Amino acid sequence: MWEIARDSQVLDVNSSYAYVLWGRDFSGTSIVALDHDRVVGFVTGYRRPDRQDTLFVWQVAVDADQRGKGVAGRMLDGVLDRLATAGVVRLETTISPDNEASQALFTALARRRGVPISTEELFRPEHFPDSHEAEDLYTVGHRHGG
Ligand SMILES: CC(C)(COP(=O)(O)OP(=O)(O)OC[C@H]1O[C@@H](n2cnc3c(N)ncnc32)[C@H](O)[C@@H]1OP(=O)(O)O)[C@@H](O)C(=O)NCCC(=O)NCCS
């Protein structure tokens, strides 16, 4: 996962330790895609502590040579299908305004699952201590109270 994030040249690259720790504690809300024995994509997610019906997707990435084949969409469907019986009814994620591939990915997910998608401002550049871009919140599924 760390190598795929690093090679994406788009994602924030967390420490390698963060990814192995994630695999230990959040495997139930995360998934990897395999091409034979090689990991070619991953989704890291967690259920929000105060909203257990909401899966927050932290990062999703697919190796450049595997993109455009539905790998990311199948990973997201897989995690949501797995968690549906546990009461997860919506997905949240944040996307930078210039990340069209990610916007298309989650828009297609909402269409496929027949649920609404909405967006609102979450973190603005001034919320970050470095030069991080804005992160808009996308909700796939009905929003809280909606
Ligand atoms: C975003 C990313 C994960 C998509 O992975 P993928 O396996 O190629 O996506 P899929 O093949 O499942 O495509 C899902 C949908 O998004 C669309 N899409 C994918 N890449 C696209 C692009 N570059 N531009 C426009 N649309 C795109 C597909 O057409 C598809 O929509 P459709 O069902 O209407 O045809 C991949 O491009 C990636 O790893 N990017 C770098 C990391 C990143 O930006 N992650 C997201 C932020 S956390």
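Up top you'll find the structure we're talking about.
Residues numbered from 1 in each chain as written. Predicted model: local features only at pLDDT ≥ 70, side-chain atom pairs only at ≥ 80, totals over all residues. Heavy atoms only, no water.

Trainee: Summarise the site of the ligand; cite the residues concerned and give the values.
Mentor: Taken together, 20 residues lie near the ligand, and Val60, Val62, Gly68, Gly70 and Arg111 sit nearest. A distance of 2.7 Å separates an oxygen atom of the ligand from a polar backbone atom of Gly70. One of the side-chain N or O atoms of Asn99 is found 2.9 Å from an oxygen atom in the ligand. Burial of the ligand by the protein chains amounts to 71% of its free accessible area of 920 Å². Among the elements of the structure, β3 (51-62), α3 (71-84) and α4 (100-113) are those that each provide at least two residues to the shell around the ligand. For the shell around the ligand, the element with the highest residue contribution is α4, accounting for 6 residues. Partitioned by chemical class, the residues of the shell around the ligand number 11 nonpolar, 6 polar and 3 charged. (Near = heavy atom within 4 Å. Polar contact = N/O pair within 3.5 Å; in protein donor to acceptor, adjacent residues only side chain to side chain. Areas by Shrake-Rupley, 256 points an atom, 1.4 Å probe, with all protein chains shown as cover. Helix = DSSP H or I, 4+ residues; strand = E, 2+ residues; numbered from the N terminus. Nonpolar A, V, L, I, M, F, W, Y, C, P; charged D, E, K, R; others polar.)

Trainee: Tell me about unusual backbone geometry, residues and numbers included.
Mentor: Trans is the common state for peptide bonds, and a negative phi is the common state for residues other than glycine. Residues other than glycine seldom take positive phi values, yet Gln9 does so here, at roughly 60 degrees. On the secondary structure map, Gln9 appears in the loop between α1 (2-8) and α2 (16-25). With phi around 55 degrees, His36 is a residue other than glycine that occupies positive phi space. Its location among the elements puts His36 in the loop between β1 (31-35) and β2 (38-48).

Trainee: So what's going on with the sheet that holds strand β6 (residues 135-140)? Which residues, and what values?
Mentor: Pairing within the open sheet is mixed, and its 6 strands lie in the order β1-β2-β3-β4-β6-β5. A single partner strand is all that each edge strand has here, and the edge strands are β1 and β5 (117-123). Mean inter-strand twist for the sheet, computed between neighbouring axes without regard to direction, equals 25 degrees. Sheet topology note: the β1/β2 ladder contains 5 bridges and is antiparallel. When the bridges of β2 are listed, Val32 appears paired with Phe42. Helix-sheet contacts for α3 involve β1, β2, β3 and β4 (90-95), and the interaxial angle to β3 is about 160 degrees. (Pairing = 2+ DSSP bridges. Axes fitted to C-alpha atoms, helices over the stretch in contact; angles between N-to-C directions. Contact = heavy atoms within 4.5 Å.)

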